[in-house]
Structure formats: C-alpha cells, structure tokens
Amino acid sequence: MNIPNDKTLIMKMNHFSPVTKKPVTSFFNTFFFASILILASCKKDKDKATDIRDHLTSGNWYLQSTSYSTTSACSRRSYFRFNADGTILSQSFEMSEGICTDYGQSEGTYTLTDNKYLTINGASMSWAVEIISISHDAMAFEASSGGETQRLFFDKTEG
C-alpha cells in the first residue's frame, strides 16, 4: 500500500497543482471573473440598445435646427414621434406667405438597425439617417440626399 508523504497530502488538501506548485483554484477564480466581465460587457451592449430605443420612443421630437437652413419658431413646431411598435407619426409646419402653415400629419414606419441607423418609410418618402447622438431630451441625426449631408437637431420642447 502506498502511503502519501506529508508534502503530497498537503498539496492535495490545498488543491495545489503538482506541476506549478500554485493553487489550482486560482485558475478557476480567474476563469470565473473573466466570465463575469464578458457577461457584464454583453449586458452593457444590450442596455445601450434598450436605452437608444427607449430614448427614441420617449415622446415627440421637435425640430430645433438644421445644418442647411435656419429654423423659425413655426418650423420648430414640426416633430417626429417614434412608437414602440415601429410606426412613426410626423407633423410639419412651415412659414408660407408670412403665415405658419400646418402641413398635417403623416404616418409611416421606421426600422432601427445596429442601434444607429434609422430607415423611415412614409406614403411619399423613404429616408435613411444615422443617429449621431441621442439622450432622453436631445437627438441629432445625419441624412444624406443628392450628395449632400445634412444634420438635424431635435429636442423635447415645441417651438
């Protein structure tokens, strides 16, 4: 019968690797913490996606300014409302012959891709934009049309 010497018995009791003389549990601890970090980073990506969708669907987004023209108090009444079901409602106002004219509401659909790109489809238009920044109360996106890039800025305040 083989009786282990004291050194072998102590190594087994402390879960030491006979090759490295280091605790085997350190490998498992390292693996465990690395797994937690990986899972936590995945959760942050998911939370970020949820935040973007939550911000986007948080109410009316009123036009505040654009990179291509000045906006009047009248045009700053124009808005988009992104609904959680993928539908969008917009209302447009513009100055026409000195009168703030309501051009009515339009309905359509939108798709959010990669938490960054919006494709908006309405009865008479299709529009692809990139969300540059978004928070609960401010949003900026960039649209390209006819070789020109335009930035539009929105917030939650009408006018």
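This text follows the structure it describes.
Everything numeric here is computed off the predicted structure, so don't read it as measured data.

Quick look at the overall build of the protein
Move 1: Per the secondary structure count, the protein includes 2 helices and 8 strands.
Move 2: Secondary structure of the protein in N-to-C order comes out as α-α-β-β-β-β-β-β-β-β.
Move 3: Here the protein, with 159 residues, has 23% of them falling under the buried criterion.
Move 4: If you take every contact in the protein between residues at least 6 apart in sequence, the share linking residues at least 24 apart comes to 34%.
Move 5: Just so you have it, the protein exposes about 10900 Å², and 56% of that area is on carbon and sulfur atoms.

Remarks on the pattern of salt bridges
Move 1: Evaluated as defined, the whole model comprises 3 salt bridges.
Move 2: The residue Arg77 makes a salt bridge to Glu158 at a minimum N-O spacing of 3.4 Å. Of the two residues, Arg77 is situated in the loop between strand E1 (60-66) and strand E2 (79-82) and Glu158 in the segment after strand E8 (148-155); the sequence distance between them amounts to 81 residues.
Move 3: Given a relative accessible area of 33%, Arg77 falls into the partly exposed group.
Move 4: One salt bridge in this structure joins Glu142 and Arg151, with 2.8 Å as the shortest N-O distance.
Move 5: Residue Arg151 is classed as partly exposed on the basis of its relative accessible area, which comes to 33%.

Considering the state of the cysteines
Move 1: One pass over the structure, following the stated rule, counts 1 disulfide.
Move 2: What pairs with Cys74 in a disulfide is Cys100, and their sulfur atoms sit 2.1 Å apart. The S-S bond linking Cys74 to Cys100 shows a torsion near 85°; that makes this disulfide right-handed. Separated by 26 residues along the polypeptide, Cys74 in the loop between E1 and E2 and Cys100 in strand E4 (residues 99-113) bring together distant segments of the chain.
Move 3: On the accessibility criterion, Cys100 (30% relative accessible area) is partly exposed.

Structural notes on the sheet that holds E4
Move 1: Taken together, the 8 strands give a closed barrel; going around it, the order is E1-E2-E3-E4-E5-E6-E7-E8, and neighbouring strands pair in antiparallel fashion. The average angle at which neighbouring strand axes cross in this sheet is 35°, direction not considered.
Move 2: Pairing of E1 with E8, which is carried by 4 bridges, proceeds in the antiparallel orientation. When the sheet's bridge partners are listed, Thr66 is paired in E8 with Leu152.

Concerning the packing of aromatic side chains
Move 1: By the definition in use, this model includes 8 aromatic pairs.
Move 2: Taken together, a centroid distance of 5.9 Å and an interplanar angle of 40° make the contact between Phe80 and Phe82 tilted.
Move 3: Residues Phe80 and Phe141 carry aromatic rings whose centres are separated by 6.3 Å and whose planes lie at 45° to one another, so their mutual orientation is tilted. Taken together, the residues span a long stretch of sequence, with Phe80 in strand E2 and Phe141 in strand E7 (residues 138-145) at a distance of 61 residues.
Move 4: Judged by its relative accessible area of 11%, Phe80 falls in the buried class.

Conventions adopted
Residues numbered from 1 in each chain as written. Predicted model: local features only at pLDDT ≥ 70, side-chain atom pairs only at ≥ 80, totals over all residues. Heavy atoms only, no water. Helix = DSSP H or I, 4+ residues; strand = E, 2+ residues; numbered from the N terminus. Buried < 20%, exposed > 50% of the residue type's maximum accessible area, 1.4 Å probe, protein only. Contact = heavy atoms within 4.5 Å. Areas by Shrake-Rupley, 256 points an atom, 1.4 Å probe, with all protein chains shown as cover. Salt bridge = Lys/Arg side-chain N within 4 Å of Asp/Glu carboxyl O. Disulfide = S-S within 2.5 Å. Pairing = 2+ DSSP bridges. Axes fitted to C-alpha atoms, helices over the stretch in contact; angles between N-to-C directions. Phe/Tyr/Trp six-rings, centres within 6.5 Å; stacked < 30°, edge-to-face > 60°.

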